[in-house]
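Chains, contacts and geometry: an overview
Residue-level listing of the chains:
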Amino acid sequence: IVQQKSTSGQLTIDNICFEYAEKPIYPFELQTVEQTVGKIQLHYNYAVARAEIYTQPAEFLQSFIIDSSAISVNLDSTLCGEFSIHINKVSDTSAVSRFAVDTAWNILQFAPIAAHNVVFSEIMVAPSDEYALPNYEYVELYNRSNCIVQLSDLELIVGTNVHSLSEYLLQPQSYVYIISNKAASSISSTENVCFMQSFPALPNAGQTLALQTKSGLLITSLTYSDDWYASAFKKRGGWSIEKIDTD
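Predicted model, so just to flag it, every value in this text is computed and none were measured.

Reading guide: rules and limits
- Residues numbered from 1 in each chain as written.
- Predicted model: local features only at pLDDT ≥ 70, side-chain atom pairs only at ≥ 80, totals over all residues.
- Heavy atoms only, no water.
- Helix = DSSP H or I, 4+ residues; strand = E, 2+ residues; numbered from the N terminus.
- Buried < 20%, exposed > 50% of the residue type's maximum accessible area, 1.4 Å probe, protein only.
- Contact = heavy atoms within 4.5 Å.
- Areas by Shrake-Rupley, 256 points an atom, 1.4 Å probe, with all protein chains shown as cover.
- Pairing = 2+ DSSP bridges.
- Axes fitted to C-alpha atoms, helices over the stretch in contact; angles between N-to-C directions.

Our focus in this paragraph is the overall build of the protein chain. A count of helical and extended segments in the protein chain gives one helix and 20 strands. By the burial criterion, 38% of the 247 residues in the protein chain qualify as buried. Counting contacts in the protein chain only where the partners sit at least 6 residues apart, residues at least 24 apart contribute 54% of the total. Put simply, the protein chain shows about 14600 Å² of open surface, and 49% of that area lies on carbon and sulfur atoms.

Now the structure itself:
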(Lines give C-alpha, C1' and ligand atoms only; values in the text may rest on other atoms or scores of the structure.)
Protein backbone atom coordinates (compact mmCIF):
# COMPACT_ATOMS: atom_id res chain seq x y z
CA ILE A 1 0.00 0.00 0.00
CA VAL A 2 1.42 3.35 -1.02
CA GLN A 3 0.20 6.72 0.19
CA GLN A 4 -0.52 8.86 -2.84
CA LYS A 5 -1.25 12.20 -1.18
CA SER A 6 -2.34 13.73 2.08
CA THR A 7 -3.78 17.18 2.42
CA SER A 8 -4.97 17.10 6.00
CA GLY A 9 -2.62 14.61 7.53
CA GLN A 10 -5.37 12.01 7.52
CA LEU A 11 -5.42 8.89 5.33
CA THR A 12 -8.62 8.22 3.39
CA ILE A 13 -9.51 5.46 0.97
CA ASP A 14 -8.96 7.91 -1.88
CA ASN A 15 -5.36 8.26 -0.80
CA ILE A 16 -4.51 4.55 -1.24
CA CYS A 17 -3.61 2.52 -4.31
CA PHE A 18 -2.32 -1.01 -4.76
CA GLU A 19 0.88 -1.78 -6.61
CA TYR A 20 2.48 -5.11 -7.46
CA ALA A 21 5.76 -5.62 -5.70
CA GLU A 22 6.74 -7.85 -8.64
CA LYS A 23 5.26 -8.55 -12.05
CA PRO A 24 2.43 -11.10 -11.68
CA ILE A 25 3.20 -14.65 -12.78
CA TYR A 26 0.55 -16.11 -15.07
CA PRO A 27 0.15 -19.82 -15.85
CA PHE A 28 2.70 -21.17 -18.33
CA GLU A 29 0.81 -22.11 -21.47
CA LEU A 30 0.84 -22.53 -25.24
CA GLN A 31 -0.56 -19.41 -26.88
CA THR A 32 -0.43 -19.87 -30.68
CA VAL A 33 0.43 -22.51 -33.27
CA GLU A 34 1.59 -21.69 -36.81
CA GLN A 35 1.64 -24.55 -39.28
CA THR A 36 3.10 -24.64 -42.79
CA VAL A 37 4.28 -27.49 -45.00
CA GLY A 38 7.07 -29.28 -43.14
CA LYS A 39 7.12 -26.92 -40.16
CA ILE A 40 5.20 -26.09 -36.98
CA GLN A 41 5.87 -23.05 -34.77
CA LEU A 42 4.72 -23.22 -31.15
CA HIS A 43 4.60 -19.96 -29.18
CA TYR A 44 4.43 -19.91 -25.38
CA ASN A 45 3.91 -16.99 -23.01
CA TYR A 46 7.24 -17.56 -21.21
CA ALA A 47 10.69 -18.75 -22.26
CA VAL A 48 10.89 -22.51 -22.77
CA ALA A 49 13.58 -24.57 -21.03
CA ARG A 50 12.90 -28.07 -22.37
CA ALA A 51 10.29 -30.20 -24.14
CA GLU A 52 9.56 -33.71 -25.34
CA ILE A 53 8.17 -33.94 -28.87
CA TYR A 54 7.48 -37.00 -30.97
CA THR A 55 5.31 -38.06 -33.91
CA GLN A 56 3.53 -41.25 -34.84
CA PRO A 57 4.89 -42.64 -37.14
CA ALA A 58 8.26 -41.46 -35.82
CA GLU A 59 9.80 -40.76 -39.26
CA PHE A 60 7.67 -37.62 -39.75
CA LEU A 61 9.70 -35.74 -37.09
CA GLN A 62 13.12 -34.50 -38.23
CA SER A 63 14.10 -32.14 -35.41
CA PHE A 64 12.91 -29.37 -33.11
CA ILE A 65 14.64 -26.22 -31.85
CA ILE A 66 13.84 -24.16 -28.74
CA ASP A 67 14.38 -20.43 -29.21
CA SER A 68 13.28 -18.34 -26.22
CA SER A 69 9.49 -18.72 -25.95
CA ALA A 70 9.10 -20.55 -29.30
CA ILE A 71 9.62 -24.12 -30.43
CA SER A 72 10.23 -24.79 -34.13
CA VAL A 73 9.31 -28.33 -35.17
CA ASN A 74 10.71 -29.54 -38.49
CA LEU A 75 8.82 -32.31 -40.30
CA ASP A 76 9.71 -34.41 -43.32
CA SER A 77 7.77 -32.61 -46.08
CA THR A 78 8.42 -35.42 -48.58
CA LEU A 79 6.21 -37.85 -46.65
CA CYS A 80 2.46 -37.93 -47.02
CA GLY A 81 -0.44 -39.23 -45.01
CA GLU A 82 -2.00 -38.70 -41.59
CA PHE A 83 0.18 -38.61 -38.49
CA SER A 84 -0.06 -37.37 -34.92
CA ILE A 85 2.26 -34.96 -33.14
CA HIS A 86 2.65 -34.98 -29.36
CA ILE A 87 3.98 -32.02 -27.33
CA ASN A 88 4.81 -33.16 -23.78
CA LYS A 89 6.60 -31.96 -20.64
CA VAL A 90 7.22 -28.41 -21.89
CA SER A 91 8.71 -26.46 -18.96
CA ASP A 92 9.64 -22.82 -18.57
CA THR A 93 12.88 -21.27 -17.30
CA SER A 94 11.52 -20.15 -13.94
CA ALA A 95 13.00 -21.42 -10.68
CA VAL A 96 9.93 -23.56 -10.03
CA SER A 97 9.97 -25.15 -13.53
CA ARG A 98 6.32 -24.83 -14.39
CA PHE A 99 4.90 -27.18 -17.05
CA ALA A 100 2.46 -26.38 -19.82
CA VAL A 101 -0.44 -28.72 -20.50
CA ASP A 102 0.51 -31.64 -22.77
CA THR A 103 -1.16 -31.49 -26.17
CA ALA A 104 -1.45 -33.62 -29.31
CA TRP A 105 -3.29 -33.44 -32.61
CA ASN A 106 -3.48 -35.16 -35.98
CA ILE A 107 -2.01 -33.69 -39.16
CA LEU A 108 -2.86 -34.62 -42.73
CA GLN A 109 0.16 -33.89 -44.92
CA PHE A 110 0.09 -33.91 -48.71
CA ALA A 111 3.21 -34.61 -50.71
CA PRO A 112 3.80 -32.47 -53.83
CA ILE A 113 1.80 -33.84 -56.77
CA ALA A 114 4.03 -35.18 -59.53
CA ALA A 115 3.30 -35.76 -63.22
CA HIS A 116 1.09 -38.81 -63.87
CA ASN A 117 0.17 -39.24 -60.19
CA VAL A 118 -3.44 -38.63 -61.22
CA VAL A 119 -4.80 -39.67 -64.63
CA PHE A 120 -8.08 -39.65 -66.53
CA SER A 121 -9.61 -43.12 -66.32
CA GLU A 122 -13.07 -42.54 -67.85
CA ILE A 123 -14.95 -39.78 -69.67
CA MET A 124 -18.61 -39.36 -70.52
CA VAL A 125 -19.16 -36.90 -73.37
CA ALA A 126 -22.52 -38.05 -74.78
CA PRO A 127 -24.80 -39.00 -71.86
CA SER A 128 -28.27 -40.48 -72.33
CA ASP A 129 -31.08 -41.32 -69.93
CA GLU A 130 -31.61 -44.63 -71.74
CA TYR A 131 -28.87 -46.30 -69.76
CA ALA A 132 -27.85 -46.76 -66.13
CA LEU A 133 -25.21 -44.01 -66.15
CA PRO A 134 -26.15 -40.45 -65.07
CA ASN A 135 -27.51 -38.24 -67.83
CA TYR A 136 -24.66 -35.79 -67.26
CA GLU A 137 -21.21 -35.38 -68.70
CA TYR A 138 -18.38 -36.31 -66.33
CA VAL A 139 -14.74 -37.33 -66.09
CA GLU A 140 -13.31 -39.95 -63.79
CA LEU A 141 -9.87 -39.58 -62.20
CA TYR A 142 -7.61 -42.25 -60.75
CA ASN A 143 -4.94 -41.60 -58.13
CA ARG A 144 -1.98 -43.80 -59.08
CA SER A 145 0.21 -42.61 -56.21
CA ASN A 146 0.61 -43.78 -52.63
CA CYS A 147 -0.44 -40.39 -51.26
CA ILE A 148 -3.75 -38.65 -50.70
CA VAL A 149 -4.39 -35.92 -53.28
CA GLN A 150 -6.42 -32.80 -52.49
CA LEU A 151 -8.36 -32.11 -55.71
CA SER A 152 -8.71 -28.41 -54.94
CA ASP A 153 -4.94 -28.21 -55.52
CA LEU A 154 -5.58 -29.14 -59.16
CA GLU A 155 -7.25 -27.48 -62.13
CA LEU A 156 -9.19 -29.13 -64.96
CA ILE A 157 -8.39 -27.84 -68.43
CA VAL A 158 -10.90 -28.36 -71.25
CA GLY A 159 -9.44 -27.06 -74.48
CA THR A 160 -8.01 -23.71 -73.44
CA ASN A 161 -10.38 -23.10 -70.52
CA VAL A 162 -9.17 -23.65 -66.96
CA HIS A 163 -11.61 -24.73 -64.22
CA SER A 164 -11.06 -25.00 -60.47
CA LEU A 165 -11.94 -28.24 -58.71
CA SER A 166 -13.79 -28.54 -55.41
CA GLU A 167 -12.21 -29.81 -52.22
CA TYR A 168 -12.05 -33.60 -52.16
CA LEU A 169 -9.51 -35.99 -50.66
CA LEU A 170 -8.71 -38.57 -53.32
CA GLN A 171 -7.28 -41.61 -51.56
CA PRO A 172 -4.33 -43.60 -52.97
CA GLN A 173 -5.25 -46.09 -55.73
CA SER A 174 -8.81 -44.74 -55.77
CA TYR A 175 -11.24 -43.31 -58.32
CA VAL A 176 -13.46 -40.25 -58.23
CA TYR A 177 -16.11 -38.88 -60.60
CA ILE A 178 -16.03 -35.16 -61.41
CA ILE A 179 -19.53 -34.08 -62.34
CA SER A 180 -21.94 -31.12 -62.15
CA ASN A 181 -23.66 -30.59 -58.81
CA LYS A 182 -26.93 -30.65 -60.76
CA ALA A 183 -26.46 -34.42 -61.01
CA ALA A 184 -26.61 -34.92 -57.23
CA SER A 185 -30.26 -35.97 -57.21
CA SER A 186 -29.73 -38.61 -59.91
CA ILE A 187 -26.75 -40.33 -58.26
CA SER A 188 -27.56 -43.11 -55.82
CA SER A 189 -24.23 -42.86 -53.95
CA THR A 190 -21.95 -39.83 -53.67
CA GLU A 191 -19.13 -41.70 -51.93
CA ASN A 192 -16.66 -41.34 -54.82
CA VAL A 193 -18.04 -38.18 -56.38
CA CYS A 194 -16.67 -34.64 -56.46
CA PHE A 195 -19.25 -32.10 -57.58
CA MET A 196 -18.43 -28.98 -59.57
CA GLN A 197 -20.49 -25.82 -59.38
CA SER A 198 -20.25 -25.43 -63.15
CA PHE A 199 -19.05 -28.48 -65.08
CA PRO A 200 -17.63 -27.53 -68.52
CA ALA A 201 -19.27 -28.82 -71.69
CA LEU A 202 -17.38 -31.68 -73.35
CA PRO A 203 -17.51 -31.97 -77.16
CA ASN A 204 -18.26 -35.48 -78.40
CA ALA A 205 -14.81 -35.86 -79.98
CA GLY A 206 -11.51 -34.18 -80.64
CA GLN A 207 -11.12 -32.31 -77.35
CA THR A 208 -8.02 -32.14 -75.16
CA LEU A 209 -8.42 -32.62 -71.40
CA ALA A 210 -5.66 -31.93 -68.91
CA LEU A 211 -4.97 -31.61 -65.22
CA GLN A 212 -2.47 -29.15 -63.82
CA THR A 213 -1.46 -27.78 -60.45
CA LYS A 214 -2.29 -24.19 -59.57
CA SER A 215 1.35 -23.35 -60.24
CA GLY A 216 0.98 -24.65 -63.81
CA LEU A 217 2.66 -28.06 -63.53
CA LEU A 218 1.06 -30.44 -66.05
CA ILE A 219 -0.05 -33.66 -64.33
CA THR A 220 -1.78 -35.49 -67.21
CA SER A 221 -3.50 -34.83 -70.52
CA LEU A 222 -5.26 -36.63 -73.36
CA THR A 223 -7.08 -35.84 -76.59
CA TYR A 224 -10.04 -38.18 -76.98
CA SER A 225 -11.69 -39.40 -80.17
CA ASP A 226 -15.06 -41.02 -80.86
CA ASP A 227 -13.12 -43.74 -82.65
CA TRP A 228 -12.25 -44.99 -79.17
CA TYR A 229 -15.77 -46.41 -78.88
CA ALA A 230 -14.92 -48.93 -81.62
CA SER A 231 -18.66 -49.11 -82.24
CA ALA A 232 -21.04 -47.03 -84.34
CA PHE A 233 -23.84 -47.94 -81.93
CA LYS A 234 -21.98 -46.65 -78.87
CA LYS A 235 -21.11 -43.41 -80.67
CA ARG A 236 -24.81 -42.51 -80.59
CA GLY A 237 -24.59 -41.81 -76.87
CA GLY A 238 -25.05 -43.23 -73.40
CA TRP A 239 -21.67 -44.96 -73.30
CA SER A 240 -18.52 -43.74 -71.58
CA ILE A 241 -14.96 -44.05 -72.82
CA GLU A 242 -12.91 -45.95 -70.28
CA LYS A 243 -9.15 -46.23 -70.04
CA ILE A 244 -8.21 -49.90 -69.84
CA ASP A 245 -4.73 -49.45 -68.37
CA THR A 246 -4.24 -46.56 -65.93
CA ASP A 247 -0.47 -47.13 -65.96
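Our next topic: the sheet that holds strand β6 (residues 61-67). Here four strands make up an open sheet; going across it, the order is β3-β4-β7-β6 and the pairing antiparallel. Strand pairing shows two members of the sheet lacking a second neighbour, β3 (30-36) and β6, which therefore form its edges. Between one strand axis and the next, the sheet turns by 15° as a mean value, whatever way the strands run. In terms of strand pairing, strand β4 (residues 39-44) meets strand β7 (residues 70-75) through five bridges, oriented antiparallel. By the bridge assignment, Ile 40 is partnered in β7 with Val 73.

Across the sheet, five strands lie side by side as β17-β16-β11-β10-β20; this open sheet has mixed pairing. Each having just a single partner strand, β17 (193-196) and β20 (241-242) make up the two edges of the open sheet. Here strand β10 (residues 118-124) pairs with β20 via two bridges, running antiparallel. What sits directly across from Glu 122, in β20, is Glu 242.

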